[in-house]
Amino acid sequence: MKKNQQRLPDSELDIMLILWSHQPPMSRPEIEKFVNEKKRLSPTTILTLLSRLEKKKFVSVEKCGKLNLYTPLVSQEEYQQSESQNILEKLYGNSLKKFVVSLYGGKKLDREEIQELNEFLQEMEEPEE
């Protein structure tokens, strides 16, 4: 994902989450079925959201008969990485320590969680040559 890729509003992110969690390409009626499990949106609203996602280059659209089929152009992992980095930079001044402390809300970590974090940090550490 491009560094300057914009953050998606919740309504557009909801559409992307559906596309990421199902086998693309998907038609508007298929997307609508999953959207309406959580909240009711009109077909025109869903089309508007899909059109915005296309303009932002988050999805591609392919005409198939009378239906448009939508495929994600940005992976969920790419979007998560970008969003995580933005949050870390903006809210925590790039301090991973402050971020982790905030996640745990001051609660003590148990021995297993500390071990898991240590193992992760060791994996992330580049070997010195």
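Residues numbered from 1 in each chain as written. Predicted model: local features only at pLDDT ≥ 70, side-chain atom pairs only at ≥ 80, totals over all residues. Heavy atoms only, no water.

Engineer: Hey, could you run me through unusual backbone geometry in this one?
Structural biologist: Backbone geometry follows two general trends: most residues other than glycine have a negative phi, and most peptide bonds adopt the trans configuration. A cis amide bond links Pro24 with the next residue in sequence, Pro25, at an omega value of 0°. Note on placement: Pro25 falls in the loop between α1 (10-21) and β1 (26-27). The phi angle at Lys57 is positive, at roughly 65°, despite the residue not being glycine. With respect to the secondary-structure elements, Lys57 resides in the loop between α3 (43-55) and β2 (59-64). (Helix = DSSP H or I, 4+ residues; strand = E, 2+ residues; numbered from the N terminus.)

Engineer: Would you mind showing me how to read the side chain of Ser27 here?
Structural biologist: By the secondary structure assignment, Ser27 is in strand β1. Excluding residues that lie within four positions of it along the chain, Ser27 makes contacts with Leu67, Asn68 and Leu69. (Contact = heavy atoms within 4.5 Å.)

Engineer: Please explain the environment of Phe58 as it appears in this structure.
Structural biologist: Locating Phe58 in the fold gives a position in the loop between α3 and β2. When the C-alpha positions of Phe58 and Pro72 are compared, they lie 5.9 Å apart, and in sequence the two are 14 residues distant.

Engineer: What's the story with the pairing of strand β3 (residues 67-72) in this structure? I'm lost.
Structural biologist: Every regular strand shows the same layout, with side chains that alternate between the two sheet faces. Here β1 runs beside β3; their pairing, made up of 2 bridges, is antiparallel. Directly across from Ser27, in β3, lies its bridge partner Leu69. Sheet topology places β2 next to β3; 6 bridges connect them, and they run antiparallel. From the neighbouring strand, Cys64 faces β3, where its bridge partner is Leu67. Adjacent in sequence and paired antiparallel, β2 and β3 are bridged by 2 residues, among which Gly65 carries a positive phi angle near 65°. (Pairing = 2+ DSSP bridges.)

Engineer: What is the right way to look at the sheet that holds β2 in this model?
Structural biologist: Working definition: the strands of a sheet are paired by backbone hydrogen bonds and lie parallel or antiparallel to each other. Taking strand neighbours across the sheet as the criterion, the 3 strands line up as β1-β3-β2 in an open arrangement whose pairing is antiparallel. The open sheet has two free edges, formed respectively by β1 and β2, since each of these has just one partner strand. Here α1 sits on the sheet and contacts β1, β2 and β3; the angle it forms with β3, its principal contact strand, is near 85°. Packing against the sheet, α3 makes contact with β2 and β3, and its axis sits at approximately 120° to β2. (Axes fitted to C-alpha atoms, helices over the stretch in contact; angles between N-to-C directions.)

Engineer: Please explain the packing of aromatic side chains as it appears in this structure.
Structural biologist: Aromatic ring pairs: the centre-centre distance and the angle between the two ring planes describe each pair. In total, this model carries 3 aromatic pairs according to the counting rule given. Taking the centre distance of 5.9 Å and the plane angle of 75° together, the rings of Phe58 and Tyr79 count as edge-to-face. Linking Phe58 in the loop between α3 and β2 with Tyr79 in helix α4 (residues 76-92), this pair joins segments that are 21 residues apart in sequence. For Tyr79, a relative accessible area of 5% translates into the label buried. Ring pairing ties together the aromatic residues Trp20, Phe58 and Tyr79, which thus form one cluster. (Phe/Tyr/Trp six-rings, centres within 6.5 Å; stacked < 30°, edge-to-face > 60°. Buried < 20%, exposed > 50% of the residue type's maximum accessible area, 1.4 Å probe, protein only.)

Engineer: So what exactly am I meant to see when it comes to the pattern of salt bridges here?
Structural biologist: Two side chains that carry opposite charge are able to pair once their charged atoms sit near each other. In total, this model carries 5 salt bridges according to the counting rule given. The partner of Arg52 in a salt bridge is Glu12, and the shortest N-O contact between them spans 3.9 Å. Taken as a pair, Arg52 in helix α3 and Glu12 in helix α1 lie far apart in primary sequence, 40 residues in all. Look at Arg52 and you get partly exposed, because its relative accessible area is 42%. Between Lys39 and Asp14 there is a salt bridge whose closest N-O contact spans 2.9 Å. (Salt bridge = Lys/Arg side-chain N within 4 Å of Asp/Glu carboxyl O.)

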